[in-house]
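Residues per chain, in single letters:
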Amino acid sequence: MTIPGLSLVPLTPEMASQRWLSWFRDPAIKEFIIAKPKTVAALRKAAKAWRADRRVLALAIMVGEQHIGNVKLVLPRPLGDTVEIGLLLAPEPQGRGIGPEVIRQAVVVALRVWPRVNKVVAGIFPENVASLSAFKRAGFALTGPDRIWAVWPKPKKKIRRVR
């Protein structure tokens, strides 16, 4: 599915806003977010730290000029081959097929930025049905049961799947 006007751009501290901060107050989002910034200044500080860290690639999800979410890619070990991905989508665009497309585009970016990467993983709470669905639709395999790990690419050998 192609979303007209969808792009991933570097997330800058200047993008910190009340709108972005409000996403953390949405009940469907805050239930699954571990770090919950309380101010726009805290968002700005986090974005600045991510930009300074060569192991982090923070991207803003844009539709046209509207910032609708973020995706963060982290290379936990500097010479590692596995990237962790996290996705935060504003409440309004949820359920419209944007998540899987963003995830697929973010994987492409990760492979371009870190050529030695051969695996992308996401830790997802089992109750976060929307994220599980988005990662599955993006081509990730799901494992579990306590904390679900979405793994790309799908392993060739059989793994235990969560339904």
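Residues numbered from 1 in each chain as written. Predicted model: local features only at pLDDT ≥ 70, side-chain atom pairs only at ≥ 80, totals over all residues. Heavy atoms only, no water.

### Overview of the nonpolar core
- Among the nonpolar cores identified, the biggest contains 32 residues, and Leu73, Ile85, Phe135 and Phe140 are the most heavily contacted of them.
- Broken down by element, the residue count for this core peaks at 7 residues, all from helix H4 (residues 98–113).
- Core analysis: the second largest hydrophobic core is formed by 16 residues, Leu21, Ile29, Met62 and Ala90 among them. (Core = buried A, V, L, I, M, F, W, Y, C linked by side-chain atoms within 4.5 Å. Buried < 20%, exposed > 50% of the residue type's maximum accessible area, 1.4 Å probe, protein only. Helix = DSSP H or I, 4+ residues; strand = E, 2+ residues; numbered from the N terminus.)

### Some points on the side chain of His67
- One can find His67 in strand S3 (residues 66–74).
- Looking at His67, its side chain comes within polar contact range of the side chain of Asn70, at 2.6 Å.
- Excluding residues within four positions of it along the chain, His67 makes contact with Leu11, Met15, Arg19, Trp20, Trp23, Ala60, Ile61 and Met62. (Polar contact = N/O pair within 3.5 Å; in protein donor to acceptor, adjacent residues only side chain to side chain. Contact = heavy atoms within 4.5 Å.)

### Thoughts on H4
- When the terminal C-alpha atoms of H4 are compared, their 22 Å separation across 16 residues agrees well with the 22 Å that a helix rising 1.5 Å per residue should span.
- By the burial criterion, the buried members of H4 are Ile98, Gly99, Pro100, Glu101, Val102, Ile103, Ala106, Val107, Val109 and Ala110. (Expected span 1.5 Å × (residues − 1).)

### Things to note about the packing of aromatic side chains
- Applying the stated criterion across every chain yields a total of 2 aromatic pairs.
- Relative to Phe125, the ring of Phe32 lies with its centre 6.1 Å away and its plane at 35 degrees, an arrangement referred to as tilted. Highlighted residues: Phe32 in the loop between helix H2 (27–30) and helix H3 (40–52) and Phe125 in the loop between strand S5 (119–124) and helix H5 (129–137), separated in sequence by 93 residues.
- The exposure class assigned to Phe125 is partly exposed, which follows from its relative accessible area of 28%.
- Judged by centre distance (5.1 Å) and plane angle (85 degrees), the ring pair of Phe135 and Phe140 falls under edge-to-face. (Phe/Tyr/Trp six-rings, centres within 6.5 Å; stacked < 30°, edge-to-face > 60°.)

### Some points on H5
- Ser131, Leu132, Ala134 and Phe135 are the residues of H5 that are buried. Projection of H5 onto a plane perpendicular to its axis shows the buried side chains occupying an angular sector of 165 degrees, all on one side. Away from the buried face of H5 by more than 90 degrees, exposed residues Val129, Ala130 and Arg137 are located.
- The secondary structure elements touched by the buried residues of H5 are strand S4 (82–89), H4, S5, strand S6 (141–143) and strand S7 (148–152).
- At the exit of H5 stands Gly139, carrying a positive phi of roughly 100 degrees. (Arc of directions from axis to C-beta.)

### Quick look at the pattern of salt bridges
- In this structure the tally under the stated criterion is 3 salt bridges.
- A salt bridge links Glu92 to Arg19; the shortest N-O distance between them is 2.9 Å. Taken together, the residues Glu92 in the loop between S4 and H4 and Arg19 in helix H1 (residues 18–23) connect sequence positions 73 residues apart.
- For Glu92, a relative accessible area of 45% puts it in the partly exposed group.
- A relative accessible area of 31% means that Arg19 is categorised as partly exposed.
- Its salt-bridge partner being Glu101, residue Arg104 comes within 3.4 Å of it at the nearest N-O pair. With a gap of 3 residues between them, Arg104 and Glu101 both fall in helix H4, about one helical turn apart.
- Residue classification places Arg104 among the partly exposed residues on the basis of a relative accessible area of 30%. (Salt bridge = Lys/Arg side-chain N within 4 Å of Asp/Glu carboxyl O.)

### Details of the sheet that holds strand S2 (residues 56–63)
- Read from one edge of the open sheet, 7 strands run S1-S2-S3-S4-S5-S7-S6, paired in mixed fashion. In this open sheet, the two edge strands, each paired with only one partner strand, are strand S1 (6–10) and S6. Going from strand to strand, the sheet's axes swing by 30 degrees on average, the running direction of each strand aside.
- Bridging between S2 and S3 involves 8 bridges; their strand directions are antiparallel. The partner of Leu59 across the bridge, within S3, is Val71. (Pairing = 2+ DSSP bridges. Axes fitted to C-alpha atoms, helices over the stretch in contact; angles between N-to-C directions.)

Honestly, that's just the spatial picture; any functional story needs more than this.
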